[in-house]
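Chains, contacts and geometry: an overview
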Amino acid sequence: MMIPERIVLVGPMGAGKSTIGRLLAKELGFRFLDSDKVIEERCGASIPWIFDVEGEAGFRRRETAILQELSQETQVVIATGGGAVTREENRACLKRGAFVIYLRTSLEQQYDRTRRDRNRPLLQKPNPRAILEALFAERDPLYQELADFVMYTDRKSPRLVARQLLNQI
Ligand code: S3P
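These figures come from a predicted structure and were not determined experimentally.

The subject of this paragraph is the overall build of the protein chain. Helix and strand counts for the protein chain come out as seven helices and five strands. Counted from the first residue to the last, the protein chain has its helices and strands arranged as β-α-β-α-α-β-α-β-α-α-β-α. Relative to its length of 169 residues, the protein chain is compact, with a C-alpha radius of gyration of 15 Å against a globular reference of 15 Å. Principal-axis analysis of the C-alpha atoms places the extent of the protein chain at approximately 45 × 35 × 25 Å. Burial status across the protein chain gives 36% buried among its 169 residues.

Dropping the structure here:
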């Protein structure tokens, strides 16, 4: 089978998109692009700062602009932010010409992998577990709909997930 020219990883915070994406890119000889990192570089500020100063709406505007841009690239693996799928225009541009992988992860793992992290403004509230649960309920159908392939990442090392994915693309 021909390797797609663009691979897009979607899924919730704590799914392992960045770690797995980097490994996958290395194996394929593709570049790795992390949309959150590109947003931070362009803005010269961190994600929490953008949320603080511009609100979530400001962050989403920046995210849409960057996703449009990254979706023109070829020979890349793109890790998206967990909320990238919430806008229909983002879903359309991410899907075009790409092989989309949903890294599906239980709430327990999402929580475990994000609870010490201060870089996710949506979770800096009293009950992050409930927030993850509400976001998952809203977004899981969107991830599923967009994906060409769903990979479960629970209790698997990033290396194992990357290896299993290489057999699917
Ligand atoms: C968000 C997920 C984050 C980042 C921002 C908002 C979300 O990315 O884009 O904090 O809405 O789920 P990760 O999924 O890489 O943590």
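Further notes follow.
Running from N to C, helix α1 (residues 17-28) and helix α7 (residues 158-166) cross one another at 50°; their axes reach a closest spacing of 9 Å. It follows that α1 is oblique to α7 by the angle criterion. Considering how the two elements wind past one another, α1 and α7 form a crossing that is right-handed. Where α1 approaches α7, its residues T19, I20, L23, L24 and E27 are matched on the opposing element by P158, R159, V161, A162, L165 and L166. In terms of residue class, the contact of α1 with α7 is made up of eight nonpolar, one polar and two charged.

A few words on the UniProt feature "binding site: ATP" (unreviewed entry) in the protein chain. What UniProt calls "binding site: ATP" (unreviewed entry) maps, in this numbering, to G14, A15, G16, K17, S18, T19 and R120. Checked against the element boundaries, A15 lands in the loop between β1 (6-10) and α1. What makes A15 buried here is the crowd of 28 C-beta atoms within 10 Å. Setting aside its immediate chain neighbours within four residues, A15 contacts L103, T105 and T153. Looking at where G16 falls in the secondary structure, it is placed in the loop between β1 and α1.

For helix α2 (residues 35-43), every residue scored as buried is listed here: S35, D36 and I39. Each buried residue of α2 sits inside an arc of 105° when the element is viewed along its axis, so together they form one side. The elements touched by buried residues of α2 are β2 (31-34), α3 (47-70) and β3 (76-79). With its phi angle positive at about 65°, G44 sits one or two positions after the end of α2.

With respect to the secondary-structure elements, M2 resides in the segment before β1. Under the C-beta neighbour-count criterion, M2 is labelled exposed, with 5 such atoms within 10 Å. For M2 and I169, which are 167 residues apart along the polypeptide, the C-alpha to C-alpha distance reads 8.1 Å.

Turning next to the site of the ligand. Around the ligand, the surrounding shell consists of M13, K17, D36, I47, G81, G82, G83, R120, P121 and L122. Taken together, the residues of the shell around the ligand sort by class into four nonpolar, three polar and three charged.

Here the focus is the sheet that holds strand β4 (residues 99-104). One open sheet holds the five strands; their spatial order is β2-β3-β1-β4-β5, and the pairing between them is parallel. Looking at the sheet topology across the chains shown, the edges are occupied by β2 and β5 (149-152). Averaged over all pairs of adjacent strands, the angle between their axes in this sheet comes to 20°, without regard to strand direction. The pairing of β2 with β3 spans four bridges and is classified as parallel.

Reading the values: the criteria
- Residues numbered from 1 in each chain as written.
- Predicted model: local features only at pLDDT ≥ 70, side-chain atom pairs only at ≥ 80, totals over all residues.
- Helix = DSSP H or I, 4+ residues; strand = E, 2+ residues; numbered from the N terminus.
- Rg over C-alpha atoms; globule rule 2.2 N^0.38 Å.
- Buried ≥ 20, exposed ≤ 12 C-beta atoms within 10 Å, placed from the backbone.
- Axes fitted to C-alpha atoms, helices over the stretch in contact; angles between N-to-C directions.
- Parallel < 35°, antiparallel > 145°, perpendicular 65-115°, else oblique.
- Left-handed = near helix turned anticlockwise from the far one by under 90°.
- Contact = placed C-beta atoms within 7 Å.
- Nonpolar A, V, L, I, M, F, W, Y, C, P; charged D, E, K, R; others polar.
- UniProt positions renumbered as here; feature names shortened; annotations may be inferred.
- Arc of directions from axis to C-beta.
- Near = placed C-beta within 6 Å.
- Pairing = 2+ DSSP bridges.

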